Each structure stands twice: as C-alpha cells, then as structure tokens.
Amino acid sequence: MKITDTKLVKTVYDNDFLDDKRKKIVFAGRSNVGKSTLINTMFNRKNLAKVSSTPGKTRSVNYYLVNDKFYFVDLPGYGYAKVPKAEKNRWKKLLNEFFYFEKYVILLTLIVDSNIGISDYDKQMISLAAFFELPTIIIGNKIDKLKKNEINKKIKEINDYFNIPVIPFSAKKGIGKNILWETIQNALKE
Ligand SMILES: Nc1nc2c(ncn2[C@@H]2O[C@H](COP(=O)(O)OP(=O)(O)OP(=O)(O)O)[C@@H](O)[C@H]2O)c(=O)[nH]1
Ligand SMILES: [Mg+2]
C-alpha cells in the first residue's frame, strides 16, 4: 500500500470519541509494549506517535487518518503498575466506552511483548474483543530482544494460548512490517 498521507486528527481523553464511519485498525496492548513505536514504524515516521521510555505515555485515544481513507487508532496502554489506581480505572472505563461507541473496527491488533508473553490485561482485552466480535490478531513485538532459537517458542506459546494468529514483530527493526501491512490490506478489502 502506498502511504501518501498520515495525520493525527484527534486525541481523546474522555469519551468524546471521533464520530466517523471510516474503517479503523485499532492497536491495543500493555503500556510500554511498543504500540506507538509500531505505528511510527508502519509509516516510516519517527515522531508521529509519541514514544517514551517512561511507560504510560499514551494516556489518550489517538486517531491517525491514513490516506484520507482509514484510521489507525492508538489506545492508551493498560496495566502499568506504577500508575495510580484512579488512573487505571479511568483507562479501563475509557477502553470499554471506546468499544461500545466505535462500530467501524475492522481489525483489533493486540500487541504483546514476545519475551513477557500474555498478561491478565491481555486476557481481558481478548475477552472484550470476543464480546464485540472483533477480528483480532496478535503482534509478538520486540523479537529483536530474543535469541533466534527462542523466537519460535515464544511466538508458539502466545499462539497456543488464544489460538489467534501471531505475527512475530520488531517495531524497532521493522521486522514483520510487510506481513502486518498485508493483513491490514486484506481487512480493508472485506
Ligand atoms: N527492543 C525493542 N524495543 C522496543 C520495540 N518497540 C518499542 N520498543 C521500546 O519500548 C519502549 C516503549 O515504546 P512505546 O512505543 O512508547 O510503547 P507504548 O506501547 O506506546 O507505550 P504507552 O504509550 O505507555 O502505552 C520504548 O523505549 C521503545 O523504544 C521493539 O520492537 N524492540
Ligand atoms: Mg504509546
């Protein structure tokens, strides 16, 4: 797919979601798992989505319009231990409200850290995705941190747990990018 234009069109902290019928590819995952880095990598951009080594950077729902045709939606990362309870509850509520409101999700992309594997928060997200009947894929990110012989094992563990396709990925190195674009393109066609 030729990307001609990407822009951040809306940042939402409460439930003032974007009311737009265009298709949405949604990125969810634990804080610090690399959602923002992955979005930048997919567009060959450095700073479209804000990346930080301090977890909890993305506290809002961010809508990136691509080629004026569809959206990438970056959800706030969940499950970072040091975030106050009130803030965690706010995120949980925001995520739930988002999926209640948003009727044009064509693909939910759950990003997990290949090395850490699946967390309870990821399980909750998969349940939410099942409840809303969202087509879902999992990205096993940060494979650059694994030894070659560990990659398959870790990816298989994640795949076995949910029986959902897992794409081995490195947002840092751009590994898996083409497969993810193909998956997105297929989802857009349906
Ligand atoms: N080694 C490695 N590090 C990565 C990769 N992707 C992201 N990171 C690093 O992980 C940290 C968090 O990345 P972000 O993209 O900000 O993560 P996020 O999921 O958007 O985090 P929140 O906004 O807090 O939800 C940064 O230090 C990134 O450089 C990857 O594929 N490999
Ligand atoms: Mg982020």
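Residues numbered from 1 in each chain as written. Chains lettered and ligands numbered in written order. Predicted model: local features only at pLDDT ≥ 70, side-chain atom pairs only at ≥ 80, totals over all residues. Heavy atoms only, no water.

Novice: How do you make sense of the environment of isoleucine 155 when you look at a structure like this?
Specialist: As for its placement among the helices and strands, isoleucine 155 is situated in helix α4 (residues 148–162). Measuring from C-alpha to C-alpha, the distance between isoleucine 155 and isoleucine 106 comes to 24 Å, with 49 residues separating the pair along the chain. Not counting chain neighbours up to four residues away, the residues in contact with isoleucine 155 comprise Ser114, Gly140, Ile143, Val166 and Pro168. (Helix = DSSP H or I, 4+ residues; strand = E, 2+ residues; numbered from the N terminus. Contact = heavy atoms within 4.5 Å.)

Novice: Please clarify how the pattern of salt bridges should be interpreted in this entry.
Specialist: Side-chain pairs of opposite charge can arise where the charged atoms are in close proximity. Counted under the stated rule, the structure contains 9 salt bridges. Residue lysine 93 pairs with glutamate 97 through a salt bridge whose shortest N-O separation is 3.3 Å. Here glutamate 97 and lysine 93 lie together in helix α2 (residues 85–101), a separation of 4 residues that amounts to about one turn. Lysine 93 sits in the exposed class, given a relative accessible area of 52%. With a relative accessible area of 24%, glutamate 97 lands in the partly exposed category. One salt bridge in this structure joins lysine 123 and aspartate 120, with 3.6 Å as the shortest N-O distance. (Salt bridge = Lys/Arg side-chain N within 4 Å of Asp/Glu carboxyl O. Buried < 20%, exposed > 50% of the residue type's maximum accessible area, 1.4 Å probe, protein only.)

Novice: Please explain the side chain of aspartate 122 as it appears in this structure.
Specialist: Turning to its location among the elements, aspartate 122 is positioned in helix α3 (residues 120–131). Put simply, aspartate 122 is tucked away with no salt bridge, and the nearest opposite charge, on arginine 30, sits 5.7 Å away. At 2.9 Å, the side chain of aspartate 122 forms a polar contact with the backbone nitrogen of serine 119. With near-sequence residues (within four places) excluded, aspartate 122 lies in contact with Arg30, Tyr78, Leu110, Ile111, Val112, Gly117 and Phe162. (Lys, Arg positive; Asp, Glu negative; His and termini not counted. Polar contact = N/O pair within 3.5 Å; in protein donor to acceptor, adjacent residues only side chain to side chain.)

Novice: Just to check I follow, could you spell out the sheet that holds strand β5 (residues 105–113) for this structure?
Specialist: Strand pairing within a sheet occurs via backbone hydrogen bonds; the two strands may be parallel or antiparallel. An order of β1-β3-β4-β2-β5-β6-β7 is seen for the 7 strands of this open sheet, with the pairing classed as mixed. Whereas interior strands pair on both sides, the edge strands pair on one side only; in this sheet they are β1 (6–12) and β7 (166–168). Neighbouring strand axes in the sheet, compared pairwise and without regard to direction, differ in orientation by 25 degrees on average. Relative to strand β4 (residues 70–74), strand β2 (residues 24–29) runs parallel, the two sharing 4 bridges. The residue bridging isoleucine 25 from the neighbouring strand is phenylalanine 72, located in β4. The strands touched by α4 within the sheet are β5, β6 (136–141) and β7, with β7 carrying the most contacts at an inclination of about 170 degrees. (Pairing = 2+ DSSP bridges. Axes fitted to C-alpha atoms, helices over the stretch in contact; angles between N-to-C directions.)

Novice: Would you mind showing me how to read the packing of aromatic side chains here?
Specialist: Where two aromatic rings form a pair, the distance of their centres and the angle of their planes describe that pair. For the coordinates displayed, the defined rule picks out 13 aromatic pairs. Ring centres 6.2 Å apart and planes at 85 degrees place the aromatic pair tyrosine 63 and tyrosine 71 in the edge-to-face group. Between phenylalanine 131 and phenylalanine 132 the ring centres are 4.9 Å apart and the planes differ by 90 degrees, which places this aromatic pair in the edge-to-face class. For phenylalanine 131, a relative accessible area of 56% corresponds to the exposed category. Each member of the aromatic cluster is reached from another via a ring pair, and the members are Phe17, Phe98, Phe99, Tyr100, Phe101, Phe131 and Phe132. (Phe/Tyr/Trp six-rings, centres within 6.5 Å; stacked < 30°, edge-to-face > 60°.)

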